[in-house]
Amino acid sequence: MSDRTIARQVPLLLLFFLYVSSTAQGQVSYSIPEEMAKGSVVGNIAQDLGLDLKRLKSGKARIYSNDKADYIELNKDRGLLIVKERIDREALCGQTTPCALHFQIILENPMEFYSVTVEVTDVNDNSPSFKKNEMKFKISESTVPGVKFILERAVDSDVGTNGVQTYSLKPNDNFALKLQNQADGGKTVEMILQKPLDREKEEHITLILTAVDGGDPTLTGTAEIHVTVQDANDNAPAFTHAMYKATISENSQKGTLVTTVSASDADYGSNGKITYSITNSVDNIHDLFEINEVDGDLRVIGNIDYEESHHYEIHVQASDEGGLTDSTKVVVDVIDTNDNKPVINIMSKLTTIAEDAKLGTVITMINIQDQDSAENGKVHCSIDDHIPFTLKSTSNNFFSLVTDDSLDREMNPSYNITIACSDEGSPSLSNSMTLSLQISDVNDNAPVFEKSSYEAFILENNSPGLSIFTVKANDADWNQNARVSYLLEESVINGVSVSGYVSVNAESGVIHAVRSFDYEQIKSFTFRVRAQDGGSPPLSSNVSVKIIIQDQNDNAPQILYPVQTSGSLVAEIVPRSADVGYLVTKVVAVDVDSGQNAWLSYKLQKATDRALFEVGPQNGEVRTIRPISDKDAVKQKLTVIVEDNGQPSRSATVNVNVALADSFPEILSEFNEAKQDREFNDSLTFYLILALAVVSFLFIVSVIAILSVKCYRWRRERMYYKSNGHLPVIPYYPPLYADAGGTETLKHVYNYEVCRTTDSRRSDFKYGRPCTQSIISLDTSGTQTLTQKSLLCEDADDQQKPPNPDWRFNQNQRPGPSGAAATPDMAVGTGPWPQPPTEAEQLQALMAAANEKREGNHMQIFLGKVSEATNTLTPGTMGLSTRYSPQFTLQHVPDYRQNVYIPGSTATLTSNPQQQQQQQQMQQQMQMGPQQMGPQQALPPPQAAAAGPGAGPGADPGAMGQPEAPKAAQTPASKKKSTKKEKK
């Protein structure tokens, strides 16, 4: 299309007429011109149908059309129909008028549809054109004026006034045009000779044929006519009929004869030879039909389809050799045959529907099309009768599939619905379509227990949490609606909530025992379990559960008679004159168990004389089985055992005291002596047990001490081996070595051995020393007044002061172990270093070191009651003996060899009483005054002090009287023996 042509169409597009008509069936019609721009508004469908914009959105409004191309689209936001694609009326409808688009507007929830018709009006957008740009004619010069020549008609795709309206011929000296209207609305163009032709003057004539349409502005098309003037041929062919009619069935085979046309020519020879041809140039006649040029037979060469065209008009021309022609028209009507089966189109459908959907719910809307006509195009549709659905016809060829019965997903979770449609042709053609529909679940089924009631058994004395049995409920629903949870319904059993007896697993329904049951307290109980599904709202059902507790033999028989008392002795008196079978007593017992667990049997376990008594196995009666003789003891003791019949059996015993006597005093004397013997035996047993416990304790303490010593020696040897014999030499410093000048105190050098773990950062390590120490010091004024000083605790981080190198004490004043003493041949203040510690002192230090290791994070060294001797002394401090400072008075200084405290145990090794007594006497003698002793006299060693306060240095130790050994304490056994001797 040229730019000039488009420019002429703009005013037409602005002035197009749009009309809307609404029918009672919900149909709307619009009229628009062709070639509208994309996005142009066709009409306000929401306003014309009376629909709200929200309804268009919620109903998911859309367009349903059977056309292959979508020319119109729906704008749901504005409710407008707009042009989606450019519409060419000629391509859409061809020469058919009126030209219209038919489609439906589909809405859901609920389903609705409206029919819309959009008529497309023609616009003069096509120019007339000729199939052949050139037309050639051979005209004899003898042709008389008035002879007409049929010209090819111009083709214009437009219709109506926009089609070809008139023709013009230039130049028009010899020829003139004549137009004749046809029944189909077309025009026949005839060129009429007005003046005779003269071949000698003009042999070839060229004319211009112009076709003009009726549009505004008008469009034209031209073709050239070439006329060759020939010699005389004065008779033109003539058809026998001006119009021929014929009928043919669609789908006729190729070569089928439609009709035969015939024309005659009065000329002779070559001028009378007629040739037939089809002159249609508008449609596809040449593709469907052909004519024999010689005999005029019209035959089928293409596919005749009634649905494409109901009838055809064929223009046939007869021409002779002289160029004279005649024309006729053949009208062919097509007879329809049932060759198209119904086509099922789904407009809208649901794939899932709830099982509680209401009756009449629309599931699917379908449109049925059959292109055949009359009876061949009438369609009937049906579905299976055994499904809860029906097919309703809403309008012509529109059907809705709706529910007509209740749905049950548990019976049929899905349906395959087959829709069968058939026409009324002969033979009838049919088509079918299967729709799959899933039924969604609704919580309409409550859980159902497998049993109407449950009963279970459990043995008493069960362990808490024991699984008793399982309840099971099934729910016919699906997924979450079928998920069953189990709950206990609240109830009270013997004043206790049922949850205190049993519990139920919410998922599996397993019932567990919460407590241990006792058959003697409760024999059975009943409760209810509720099964509840996971639907909304949930549905539930309950069932009664009875738990029966079975008895176990867990109770021993209880003796009711004779009554056992610990304070008094009960005896049955049997006269010696009793006969055989004499009823002595009856043992009465009960068992709180039930059944065979409570069946009791009595047996005589032991007796003083088994040949004298018997016990009834069922009734427990004790009877004599022989006469009583004088040789029988007065006191008879019977032990009766009572057993039940359980598995395993339980038993109880009872002692029956029987007195064989005729008088009460005889019985009383015998039983009093027996009571005393029993008390003596009880006391003896107690002391034996106590002695065994003490000996065991001492043995354990000794083993621990020996192991500690062994461990220490082993570690010391190991350290020596690791150091390859190069150990630092540590001099031995005896404890409490004081500076004579009073300037400084020689402090101890402690050697600590520490064992720590790899994770030592989490351990506490501390060196402890006594926080408060009482020491004896001398006033510097020389008045010999004893005072006490309190030593504050020093920080563990303070560095130890080095020992004072100024040793001013003589040999007698230097501290040393128990064997260190001054010799006569040595000068005072000179001599060897004090003797090394004895083995006893080393053992004491080892035990203190072992205890130090056991303390873990805090290490302290205990040396028993000699702890004062291990502290740091200030100048003038008292030592262990008067050798340290002979001018001072010694008071309450304990001998470290007397009392030794073993760390880690409660035992204290002390000296014997004789040594303690001698020590006290020595201290009393020393308190009498320093004037009785020499100024340089040393404190005698403990061995010498043991000789007594009156013994001199040369006194014989053997002259001292040995102290008398202490008497052993009397035991209860010895007391008892003496008591018996006194009685006898």
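Keep in mind the model is a prediction, meaning the values are calculated, not measured. (Residues numbered from 1 in each chain as written. Predicted model: local features only at pLDDT ≥ 70, side-chain atom pairs only at ≥ 80, totals over all residues. Heavy atoms only, no water.)

(A) Spotlight on the overall build of the protein. Looking only at helices and strands, the protein features 10 helices and 58 strands. Classification of the 984 residues of the protein by burial places 37% in the buried group. Within the protein, contacts between residues separated by at least 24 positions form 66% of all contacts whose residues are at least 6 apart in sequence. Summing over all exposed atoms, the protein offers an accessible surface of approximately 56,200 Å²; the carbon and sulfur share of this is 51%. (Helix = DSSP H or I, 4+ residues; strand = E, 2+ residues; numbered from the N terminus. Buried < 20%, exposed > 50% of the residue type's maximum accessible area, 1.4 Å probe, protein only. Contact = heavy atoms within 4.5 Å. Areas by Shrake-Rupley, 256 points an atom, 1.4 Å probe, with all protein chains shown as cover.)

(B) Spotlight on the nonpolar core. Core analysis: the largest hydrophobic core is formed by 28 residues, its most contacted members being Ile-511, Phe-525 and Val-545. When residues of this core are traced back to their parent elements, those giving at least two are β34 (453–459), β35 (467–470), β37 (484–488), β40 (502–504), β41 (510–513), β42 (524–533) and β43 (540–550). Dropping the residues within four chain positions of it, Ile-511 is found in contact with Leu-466, Ser-467, Ile-468, Phe-469, Val-471, Val-502, Ser-503, Val-504, Phe-527, Val-529 and Val-545. Residues Ile-32, Leu-51, Leu-74 and Val-83 belong to the second largest nonpolar core, which totals 27 residues. (Core = buried A, V, L, I, M, F, W, Y, C linked by side-chain atoms within 4.5 Å.)

(C) Quick peek at the packing of aromatic side chains. By the definition in use, this model includes 14 aromatic pairs. A ring pair is formed by Phe-137 and Phe-149, whose centres lie 5.9 Å apart and whose planes are at 65°; its orientation type is edge-to-face. In this pair, Phe-137 is assigned in strand β9 (residues 134–140) and Phe-149 in strand β10 (residues 148–151), connecting sequence segments 12 residues apart. As far as the burial class goes, Phe-137 and Phe-149 line up, both buried. Plain terms: the ring middles of Phe-389 and Tyr-415 are 5.3 Å apart, the flat faces sit at 85° to each other, and that makes the pair edge-to-face. With a gap of 26 residues between them, Phe-389 in strand β29 (residues 389–395) and Tyr-415 in strand β31 (residues 414–423) connect regions that are remote in the sequence. (Phe/Tyr/Trp six-rings, centres within 6.5 Å; stacked < 30°, edge-to-face > 60°.)

(D) A look at unusual backbone geometry. With an omega dihedral of -10°, the bond running from Thr-97 to Pro-98 counts as a cis peptide bond. Looking at where Pro-98 falls in the secondary structure, it is placed in the loop between α4 (89–93) and β7 (99–107). Residue Pro-562 follows Tyr-561 across a cis peptide bond; omega there is 0°. Structurally, Pro-562 is set in the loop between β44 (558–561) and β45 (571–574). With phi around 60°, Asn-461 is a residue other than glycine that occupies positive phi space. Among the residues examined, Asn-461 registers a relative accessible area of 38% and is labelled partly exposed. Positive phi outside glycine occurs at Asn-479, with the angle close to 60°. Tracing the sequence through the fold places Asn-479 in the loop between β36 (473–474) and β37. A relative accessible area of 54% places Asn-479 in the exposed class.

(E) A look at the pairing of β42. Of the two faces of β42, only the one carrying Phe-525, Phe-527, Val-529, Ala-531 and Asp-533 is buried; Ser-524, Thr-526, Arg-528, Arg-530 and Gln-532 on the other face are not. Where β37 and β42 come together, 5 bridges link them in antiparallel fashion. When the bridges of β42 are listed, Tyr-486 appears paired with Ala-531. As paired strands, β42 and β43 are joined by 9 bridges and run antiparallel to one another. Considered in β43, the bridge of Thr-526 is made with Lys-546. (Pairing = 2+ DSSP bridges.)

(F) Seen up close, the side chain of Thr-259. Mapped onto the fold, Thr-259 is located in strand β18 (residues 257–260). On the accessibility criterion, Thr-259 (14% relative accessible area) is buried. When sequence neighbours within four positions are dropped, the list of residues in contact with Thr-259 reads Ala-246, Gly-296, Asp-297, Leu-298 and Val-330.

(G) Spatial organisation of the environment of Val-159. Mapped onto the elements of the fold, Val-159 is located in the loop between β10 and β11 (164–170). Separated by 54 residues in the primary sequence, Val-159 and Asp-213 have C-alpha atoms spaced 9.7 Å apart. Contacts of Val-159, omitting those with residues within four sequence positions, involve Arg-89, Gly-94, Gln-95, Thr-97 and Asp-122.

(H) Quick peek at the state of the cysteines. Scanning all chains against the criterion turns up 2 disulfides. Across a sulfur-sulfur distance of 1.8 Å, Cys-93 and Cys-99 are joined as a disulfide pair. Around the S-S axis, the bridge from Cys-93 to Cys-99 shows a dihedral of about 65° and counts as right-handed. Classification of Cys-99 as buried rests on a relative accessible area of 3%. The disulfide bridge from Cys-381 ends at Cys-421, spanning 2.0 Å between sulfur atoms. (Disulfide = S-S within 2.5 Å.)

(I) Focus on the confidence of the model for the protein. Across the protein, the average pLDDT comes to 75, with 68% of residues at or above 70. Contacts from residues 1–25, a stretch scored under 50 in pLDDT, to residues over four places away or in other chains number 40 contacts. Below a pLDDT of 50 lies the segment residues 929–984, which in the model reaches 41 contacts outside its immediate sequence neighbourhood of four places, other chains included. (pLDDT = per-residue confidence, 0-100.)

(J) Structural view of the sheet that holds strand β17 (residues 243–249). With mixed pairing, 4 strands are arranged side by side in an open sheet as β17-β24-β23-β20. At either end of the open sheet lies a strand with only one pairing partner, and these are β17 and β20 (275–278). Averaged over neighbouring strand pairs, the angle between their axes works out to 25° when direction is ignored. As judged from the 7 bridges shared by β17 and strand β24 (residues 325–335), these two strands associate in the parallel manner. (Axes fitted to C-alpha atoms, helices over the stretch in contact; angles between N-to-C directions.)

(K) Region of the structure containing a negative patch on the surface. Together, Asp-67, Asp-70, Glu-73 and Glu-85 make up a negatively charged patch on the protein surface. Mapped onto the secondary structure, Glu-85 falls in the loop between β6 (80–83) and α4. (Patch = residues over 30% accessible without salt bridge, like charges linked within 9 Å, V, L, I, M, F, W, Y side chains within 5 Å. Salt bridge = Lys/Arg side-chain N within 4 Å of Asp/Glu carboxyl O. Lys, Arg positive; Asp, Glu negative; His and termini not counted. Charge placed at Lys NZ, Arg CZ, Asp CG, Glu CD.)

(L) Looking closely at the environment of Lys-635. On the secondary structure map, Lys-635 appears in strand β51 (residues 635–644). Taking C-alpha positions, Lys-635 is 9.9 Å from Glu-572, a pair spaced 63 residues apart along the chain.

(M) Seen up close, the environment of Ile-353. Among the structural elements, Ile-353 can be located in strand β26 (residues 352–354). Ile-353 sits in the buried class, given a relative accessible area of 5%. Once the C-alpha coordinates of Ile-353 and Asp-441 are considered, the two residues, 88 residues apart in sequence, prove to be 9.0 Å apart. Residues contacting Ile-353, with those up to four places away along its chain left out, are Thr-361, Ile-363, Thr-403, Leu-407, Leu-437, Gln-438, Ile-439 and Ser-440.

(N) The pattern of salt bridges, seen in detail. Counted according to the given criterion, the structure contains 15 salt bridges. Two residues, Asp-122 and Arg-89, come together in a salt bridge whose shortest N-O distance is 3.3 Å. On the criterion of sequence distance, the pair formed by Asp-122 in the loop between β8 (112–121) and β9 and Arg-89 in helix α4 is long-range, its members being 33 residues apart. Comparing Asp-122 with Arg-89, the two get one shared label, buried. Across the pair Arg-409 and Glu-410 runs a salt bridge whose closest N-O atoms are separated by 3.5 Å. The class of Glu-410 is partly exposed, set by a relative accessible area of 24%. One continuous salt-bridge network, built from bridges that share partners, spans Arg-89, Glu-90 and Asp-122.

(O) Representation of the side chain of Asp-423. Summarising the element assignment, Asp-423 is placed in strand β31. Lacking a salt bridge, the buried Asp-423 has Lys-341 as its closest oppositely charged neighbour, with an N-O distance of 11 Å. A distance of 3.4 Å separates the side chain of Asp-423 from the backbone nitrogen of Gly-425, its partner in a polar contact. (Polar contact = N/O pair within 3.5 Å; in protein donor to acceptor, adjacent residues only side chain to side chain.)

(P) Quick peek at a nonpolar patch on the surface. Together, Phe-686, Tyr-687, Leu-690, Val-694, Phe-697 and Leu-698 make up a nonpolar patch on the protein surface, roughly 590 Å² of accessible area in all. The residue Leu-698 is located in helix α6 (residues 664–722) in this model.

(Q) Expanded view of the sheet that holds strand β3 (residues 41–44). Taken in spatial order, the 3 strands make up an open sheet running β3-β6-β5, and their pairing is antiparallel. Either end of the sheet is taken by a strand with one partner, and the two such strands are β3 and β5 (72–75). Averaged over all pairs of adjacent strands, the angle between strand axes in this sheet comes to 25°, irrespective of strand direction. Bridge count for β5 against β6 is 4 bridges, and the pairing is antiparallel. Its bridge partner being in β6, Asn-75 is matched across the sheet by Leu-80.

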